[in-house]
Each structure stands twice: as C-alpha cells, then as structure tokens.
Amino acid sequence: MRCFARNTEEMLLRAASKVGVLPSRRRPVDAVARCFSGFAYPEPRPGVPWAKFGFSLTTRETQMVSSTCVSGQMWSECQVEPYGTLTLEPAATILNYGQGIFEGIKAYRTSKGRIVLFRPQKNALRMGDGARRMLMPPVPTQLFLEACSLAVRENADWVPPCGQGALYLRPLLFGSGADLGVKPSSHFTFIVYVSPVGQYFGPGSGGARMQLCKDQQRAAPSGQGHVKAVGNYAQCFSVQRNAKEYIDEAAASNFFCVDSNRVIHTPQLGSILPGVTRDSIIQLVRRLKNEDIHLNVGKVSSQVALNSTEAFLTGTGAGITPVEHIASEEEQVTFAETPGPVTKILQKALSDIQLERVQDTHGWLLDPFVEPAFGRDSYMEPTF
C-alpha cells in the first residue's frame, strides 16, 4: 500500500541519497518520501467533545475495512466502506454456534504529532492463535497489519488530540457462511471498525470496584478463556457475588495487585487471556528495578488481593485502571490512594511510550502512514 508510484520512489531515493537521508528498516521509502513531499498527519476533527468520551461507540461517521475468505481459499484484498449494518443469513455460523473472535487495538496521536498503533503485531499473533483454536482460517499477519493501518488512515481525523484519548480499533473474524450443521463455517469475514474513546469508566472516573465471585468462571481450566472468543464475555454481564479462592481475571481485564513490599502479583497464563497490556506491564517492570518494584507471576489468592496496598486492571480498552475497592462475602478493602504510587509509575511509563514522550526502545509503535513493519513477538512468561 505505497502512496507513491515506482518512478516517483526512484526520484525521491535519488534526491534523498544526495542529502544523506536513506531508507532503512527503521526508515522505509515512504518515511523518506515524507521529507520531500510536505506530508502532514491529518488533524483531529474540529468541534468534537473529546473530553466527554468514555469507552463506547461514540460515532458511526467512520469507515470500516473488510476482507472475506471461502474455506480453503485465499483472503480477498481489503475493501473500505462506510460503517454500517452487515448482511447475514439466519443460518450464519456466528449466529448459531458463536464461531468468532475479536481483538482490541488503540491508535494514539503522539507528542511528536505522529499517529501510531500500539503493538498491533501482538494482536495479529493472538488472533491467529484464536482462529486456529476456533477452526477458522487465520488472517495473515501482513493482511491484519495492512487492514489496521488502512482503518487508521481512513479515520485519521477521529484520532483524538495527544493525551485526550485514542482511536479504538475492533478487528472481528467470524464464520459468516450459512451452515446449519454443527461444523466450521464455509465462509469467513474479517472486519476492522473504529471508534474514538476516552477513559474506560467514563470521564473523571476514579477507580474500579471489584466483587470477588466463585459461582461463575469465565476462564475455566481446559477451556478457551485464553482465546478472545465472542462467547466468552456475555457470561460476565450478570451480577456475581461470591468470593473465589484464587483470582484469575477481572471480568474482561487482567488483574494486578501490589503488596506492602512493592511486589506486583498477577495470575499466570493458561486459562486466562494473554493480554497485550498485561504483557507490556510485565516487560516494563523488568526495567523498574531502580524503583524497587518487583513481580510475581503465579497464583493470586483472594487473601493476597484483600491484603494488598493497591490494585489495578489492564486491557486495551481499560488501559491501566486503578481499583479503589475489593470485597468478598467476608472481607473488603478500600484503598486509601487511587491510583496508588506503583500504579502511577506504570501508568506514566506506558503512556510515555504510547505518546512518544520517551524513545520507543521496545519497538512497540507502528506508524500506519508508513509500510507495515514486522516483528517477532510472543506471549512467553518472563523469568526473573
């Protein structure tokens, strides 16, 4: 998806070589071309009340990107069309058997004026893993990144100003074929739609309030809690009252708590979703030894959580959301400071990278106005 014809590229490369601005893995042809073309990132749409946005579908005046696949064949090229309704037969596999998965990604407008996606390669890998688990054709990493980049470029004016929110991308992959029998679909659809968002719990929200429960379990052992499947979340809608012996996750978010020794506790992977923000926090903690912050990845009991000094949730939508209250049937704790000191350090460390206030030494940011860059990434647990 280059923006320049081949002869134009060659002309720009010759001009660039004369002044010593050459393309590289970190500076592709399009990035060089911008130096000579007067390129400017699209400005935020005027008159939008960015500060009032929470986490919801805040507008339908957007463009979405789609691709389709017949079982056993190649995915089609990406198509752009206005956000709107889909046409599905009642026998569609997604409606009858829930054969579908989704992802969540954010694009930020940075302090340098750029628009960047945060770790989309990670989401591409996770969607591929989920597709194989649900017997759907994986969306190739290149196609996934191209679709997300295209969605950002087509909706660039909906990326909020720096520090006032983000453009949330929702990639969907589902069985769209009309197949009545209990079997994988014959046709599949991949869609990326977007919405500008603000704080997860709404403007001015303090922290989340948690109720520990044991009568319902979204991420059961040997189940598919580690897959971002469409049927995994509706069961979290009902009221949940009772305490669990160990904490797996907090509804649709990953859970962290901090003890009095500044040790961060978070449940291990296995039955729970390998969150991208969770993984980012784990990697950041490795570099915070000078802050006397440590990490324990393993079982987290309800007693550890109730005796902690602070707690927070992570997710693409939630970001890093502090917890202000945790309760079980027998005990409860209300944290004196929300967010707590460790939570504040992690919030700043993550947002500084996302908004380019510091150098992205991890290689987590992808500029959708430049050709997609590929990187190896994994969900392996860290060793300390």
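Going by the structure above, here's the rest.
About the criteria used
Residues numbered from 1 in each chain as written. Predicted model: local features only at pLDDT ≥ 70, side-chain atom pairs only at ≥ 80, totals over all residues. Heavy atoms only, no water. Helix = DSSP H or I, 4+ residues; strand = E, 2+ residues; numbered from the N terminus. Buried < 20%, exposed > 50% of the residue type's maximum accessible area, 1.4 Å probe, protein only. Contact = heavy atoms within 4.5 Å. Areas by Shrake-Rupley, 256 points an atom, 1.4 Å probe, with all protein chains shown as cover. Core = buried A, V, L, I, M, F, W, Y, C linked by side-chain atoms within 4.5 Å. Pairing = 2+ DSSP bridges. Salt bridge = Lys/Arg side-chain N within 4 Å of Asp/Glu carboxyl O. Phe/Tyr/Trp six-rings, centres within 6.5 Å; stacked < 30°, edge-to-face > 60°.

Enquirer: How would you explain the overall build of the protein chain if you had to name every residue and give the values?
Expert: When its secondary structure is counted, the protein chain shows eight helices and 17 strands. The 384 residues of the protein chain split such that 51% are buried. Within the protein chain, contacts between residues at least 6 apart in sequence are counted, and of these 73% link residues at least 24 apart. For the protein chain, the exposed surface amounts to about 18,400 Å²; the carbon and sulfur share of it is 50%.

Enquirer: Run through the nonpolar core, naming residues and quoting values.
Expert: Nonpolar side chains tend to gather and get buried jointly when the protein is soluble and globular. Membership of the largest hydrophobic core comes to 41 residues, with the highest contact counts inside it found for Trp75, Ile101, Leu117, Phe144, Leu169, Leu173 and Phe190. Of all elements in the fold, only strand E1 (63-70), strand E4 (105-109), strand E5 (115-118), helix H4 (120-133), helix H5 (141-154), strand E6 (166-175) and strand E7 (187-197) reach the threshold of two or more residues within this core. Counting residues per element, this core draws most heavily on H5, which supplies eight residues. Sequence-distant contacts of isoleucine 101, defined by excluding residues within four places in its chain, comprise Met127, Gly130, Ala131, Met134, Met136, Pro171, Leu172, Leu173, Val227, Lys228, Ala229 and Val230. Formed by 23 residues, the second largest nonpolar core is a distinct cluster that contains Ala166, Leu288, Leu346 and Leu355.

Enquirer: Which residues make up the pairing of E7, and what are the values?
Expert: A large share of E7 lies buried, amounting to nine of its eleven residues. Both E1 and E7 contribute to a ladder of six bridges, which runs antiparallel. For cysteine 69, the partnering residue across the bridge sits in E7 and is phenylalanine 188. Where E6 meets E7, ten bridges bridge the pair, whose relative direction is antiparallel. Pairing of arginine 170 across the sheet is with tyrosine 193, part of E7.

Enquirer: Residue-level account of the pattern of salt bridges, with values.
Expert: Tallied over the full model, the rule gives eleven salt bridges. The partner of arginine 119 in a salt bridge is aspartate 279, with the nearest N and O atoms 3.0 Å apart. With arginine 119 in the loop between E5 and H4 and aspartate 279 in helix H6 (residues 276-286), this pair connects stretches of sequence that are 160 residues apart. The pair formed by arginine 119 and aspartate 279 is uniform in burial state, with each residue classed as buried. Of the charged contacts, one joins aspartate 352 and arginine 357 as a salt bridge, the two residues approaching to 3.3 Å between their closest N and O atoms. It is possible to trace a salt-bridge network through shared partners that takes in Arg45, Glu61 and Asp157.

Enquirer: Kindly report on the packing of aromatic side chains, identifying the contributing residues and their values.
Expert: Applying the stated rule across the entire model yields nine aromatic pairs. Ring geometry for tryptophan 50 and phenylalanine 53: centres 6.0 Å apart, planes at 80°, overall edge-to-face. Like phenylalanine 53, tryptophan 50 is buried. Ring centres of phenylalanine 256 and phenylalanine 312 lie 4.9 Å apart, and the angle between their planes is 10°; this geometry places the pair in the stacked category. Of this pair, phenylalanine 256 sits in strand E10 (residues 254-258) while phenylalanine 312 sits in strand E14 (residues 310-315); the two residues are 56 residues apart in sequence, bridging distant segments of the chain. Judged by its relative accessible area of 0%, phenylalanine 256 is buried. The class of phenylalanine 312 is buried, set by a relative accessible area of 0%. The structure contains a cluster of three or more aromatic residues connected by ring pairs, namely Trp50, Phe53 and Trp158.

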